[in-house]
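# Notes for the structure review
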Amino acid sequence: MNALLERLFRLGEHNTRVTTEITAGLTTFITMAYIIFVNPQMMASAGMDQGASFAATCLAAAIACIVMGLYANWPVGLAPGMGLNAFFTYTIVGEMGYSWQVALGAVFIAGILFFIMSVTRLRAWMLESIPMDLRIAMGAGVGLFIGFIGLRSGGLVVDNPATLLSLGDFTQPETLLAGIGFILIAALSVRQVPGAIMIGILTVTLLGLATGLVTYSGFIAPPPDMSPLLFELDILGALDIAMVSVIIAILFVNLFDTSGTLMGVATRAGLVNDQGEIKNIDRALKADSGASVAGAFLGCAPVTSYVESAAGVAAGGRTGLTAITVGALFLLAMFFAPLAGMVPAFATAGALVYVALLMLSGLKGLNWDDATELLPALLTTIMIPLSFSIANGIAVGFITYVAVKVIVGRTDEVSFGAWFLAAIFLAKFAFV
């Protein structure tokens, strides 16, 4: 057995052992397992069967992790991405009025485009042609978008006819528990407790059980039936002209998030050689983009690499055996559907807010000395949550970026990619 694992993952070459890799995989899984509670809730808000969505989340994550481990030999865990699942539910389905089947079609098309970019030079061209500040702003804006959803689902902010929003009522037990959940997650994370997010979610759920806010429905059962979601994507419906900006938004967020995550994990895992080249980066990108395509058939929002994989790397993970371990644990998690079904929205609210705040850390990388770069980026960041649309926020950012550069006479700094995308987004606002 050890000889087989050595041949598959080259453990000796990476100076690691089987036990270390399994421990690292367990660490990564614990840090990202919150998605099996959060994602089914969001998908249910889009009209999808929550039990089937739970099973699809686990299966899509498992397949993606196993492919990443076997094909790319990278210690990276994958699962439906935070932010894009919110975009899927609250913008494409909720605001734009498309069915979840059409939304899955858009995920499929974006996944195909991402895969094509991964196997050609288009990826490098796109990454180089999109201004760095706008790339940073997209990630931060998605973070604020997630955070706002968390604040709203936990009752921490509520509608106000005079001011649009106001602070929630903390005399309501659900709101109070949502606030406690965030504080607990934040405190555990500061103390570097592994699985802080999952501990916070489960603790608030237990408090809900103790106070009668949550109804006990068991812990273990056979995996839910996935047939309500399998192969239900509507690709033709997603070819509507109004979906162009949606597909671009999914593609961009997935591309930039994945590239940043993989490069960060590669550096920590020692996968970068003396010339700065990253081992098997092309294979890792193919595995990631292929996972999004497969996830659409299963009924999932885009599947992507998780930055939480850095926790497993810190625990010694260096090879694909770490990712295989994560995948196996996601398969095992399919038998805990009753537990996932008990978790209420106020228990996951604190997790959403915490993840959102972490995503804002990239703002420190903005060019604060150049207003032509900074202002469009900041506008993108705030317009994503305020317009309640990742696509519209990105569109406003690109249009503003090009307009400002042109007006101040710095047209030569605008790349062809920025011109092209600004034109597409202008056409969307003008004609769609």
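Up top is the structure these notes are about.
Residues numbered from 1 in each chain as written. Predicted model: local features only at pLDDT ≥ 70, side-chain atom pairs only at ≥ 80, totals over all residues. Heavy atoms only, no water.

One non-glycine residue, N73, lies in positive phi territory at about 55 degrees. Here N73 lies in the loop between α4 (50-72) and β1 (78-80). Its relative accessible area of 6% is what places N73 among the buried residues. The phi dihedral of L164 is positive, around 75 degrees, even though this residue is not glycine. (Helix = DSSP H or I, 4+ residues; strand = E, 2+ residues; numbered from the N terminus. Buried < 20%, exposed > 50% of the residue type's maximum accessible area, 1.4 Å probe, protein only.)

What follows is about the state of the cysteines. Applying the stated criterion across every chain, the model contains zero disulfides. C58 provides the cysteine sulfur closest to C65, a residue in no disulfide bond, and the two sulfurs are 11 Å apart. On the basis of relative accessibility, which here comes to 0%, the residue C65 falls in the buried class. Counting only cysteine sulfurs, C58 is the nearest neighbor of C300, a cysteine outside any disulfide, at a range of 9.0 Å. When its relative accessible area of 1% is taken as the criterion, C300 is described as buried. (Disulfide = S-S within 2.5 Å.)

Let us now look at the layout of surface pockets. As a volume, the largest pocket reaches approximately 1600 Å³. Along the walls of the largest pocket sit 48 residues, with D257, T261, V307, L358 and M359 positioned nearest its centre. Put simply, the parts of the chain that give the lining of the largest pocket at least two residues each are α2 (18-32), α8 (132-153), α10 (196-210), α11 (244-269), β4 (303-305), α13 (309-314) and α16 (345-359). Considering each element in turn, the lining of the largest pocket owes the most residues, 11 residues, to α11. Residue composition of the lining of the largest pocket, by class: 28 nonpolar, 16 polar and four charged. (1 Å grid on protein atoms, 1.4 Å probe; cavity = no way out; pocket = protein on both sides within 12 Å on 5 of 7 lines; lining within 4 Å. Points joined across faces, edges and corners; volume = space filled by probe spheres on them. Nonpolar A, V, L, I, M, F, W, Y, C, P; charged D, E, K, R; others polar.)

Further remarks concern the pairing of strand β2 (residues 157-160). Strand direction decides the pairing type here: β2 and strand β3 (residues 164-167), joined by four bridges, are antiparallel. Looking across to β3, one finds that N160 is bridged to L164. Linking β2 back to β3 in an antiparallel pair, the connection comprises three residues. (Pairing = 2+ DSSP bridges.)

As a further point, take the pattern of salt bridges. For side chains bearing opposite charge, pairing can occur when the charged atoms are close. What the rule picks out here adds up to five salt bridges. Here R410 and D370 are joined by a salt bridge, their closest N and O atoms 2.8 Å apart. Within this pair, whereas R410 is found in the loop between α18 (390-407) and α19 (416-431), its partner D370 is found in the loop between α16 and α17 (371-386), the two being separated by 40 residues in sequence. You can call D370 buried: its relative accessible area is 14%. (Salt bridge = Lys/Arg side-chain N within 4 Å of Asp/Glu carboxyl O.)

With that settled, the discussion passes to the packing of helix α5 (residues 84-95) against helix α6 (residues 100-118). Here α5 crosses α6 at 115 degrees, and the two axes come no closer than 10 Å. The hand of the α5/α6 crossing is right-handed. Two secondary-structure elements touch here, α5 through F88, I92 and V93 and α6 through W100, A103, L104 and V107. Its residues assigned to classes, the contact of α5 with α6 shows seven nonpolar, no polar and no charged. (Axes fitted to C-alpha atoms, helices over the stretch in contact; angles between N-to-C directions. Left-handed = near helix turned anticlockwise from the far one by under 90°. Contact = heavy atoms within 4.5 Å.)

A word on the packing of aromatic side chains. Enumeration over the complete set of coordinates arrives at 12 aromatic pairs. Geometrically, the ring pair formed by F231 and F297 is tilted, given 6.0 Å between the ring centres and 55 degrees between the ring planes. Taken together, the residues F231 in the loop between α10 and α11 and F297 in helix α12 (residues 281-298) connect sequence positions 66 residues apart. In this structure F231 comes out as exposed when scored by relative accessible area, which is 60%. According to the relative accessible area criterion, F297 is partly exposed, its value standing at 29%. Connected via pairs of aromatic rings, a cluster forms that spans Y90, F145, F148 and F388. (Phe/Tyr/Trp six-rings, centres within 6.5 Å; stacked < 30°, edge-to-face > 60°.)

Let us look at empty space enclosed by the protein. In this approach, a probe sized like a water molecule rolls over the atoms, and the result shows the empty space that is left. Counting across every chain of the model gives one cavity of 30 Å³ or more. Approximately 30 Å³ is the volume found for the largest cavity. Listing elements by their share of the lining of the largest cavity, those giving two or more residues are α6 and α11. In terms of residue count, α6 provides more of the lining of the largest cavity than any other element does, four residues in total. Of the residues that constitute the lining of the largest cavity, the class distribution is six nonpolar, three polar and no charged.

Turning to the nonpolar core, a few remarks are in order. Soluble globular proteins: nonpolar side chains tend toward being buried together. Formed by 134 residues in total, the largest nonpolar core has its most connected members in W74, F87, F88, F252 and F330. A total of 14 residues in this core trace back to one element, the largest contributor, which is α11. Excluding residues that lie within four positions of it along the chain, F87 makes contacts with I92, F145, V246, A249, I250, S389, I390 and A391. By size, the runner-up hydrophobic cluster in this structure holds seven residues, among which are I136, L363, L374 and A377. (Core = buried A, V, L, I, M, F, W, Y, C linked by side-chain atoms within 4.5 Å.)

Relative to the assigned elements, L134 resides in helix α8. The exposure class assigned to L134 is buried, which follows from its relative accessible area of 2%. For the pair L134 and L379, spaced 245 residues apart in the sequence, the C-alpha separation amounts to 9.5 Å. Ignoring sequence-local partners within four residues, the contact set of L134 consists of P376, A377, T380, G397, F398 and Y401.

The next thing to look at is a nonpolar patch on the surface. Where nonpolar side chains cluster on the molecular surface, the patch consists of I112, L113, I116, L122, W125, F416 and F420 and spans about 640 Å² of accessible area. Of all the elements in the fold, those that place two or more residues in the nonpolar patch are α6, α7 (122-129) and α19. The element contributing the most residues to the nonpolar patch is α6, with three residues. Its place among the elements puts F416 in helix α19. (Patch = residues over 30% accessible without salt bridge, like charges linked within 9 Å, V, L, I, M, F, W, Y side chains within 5 Å. Areas by Shrake-Rupley, 256 points an atom, 1.4 Å probe, with all protein chains shown as cover.)

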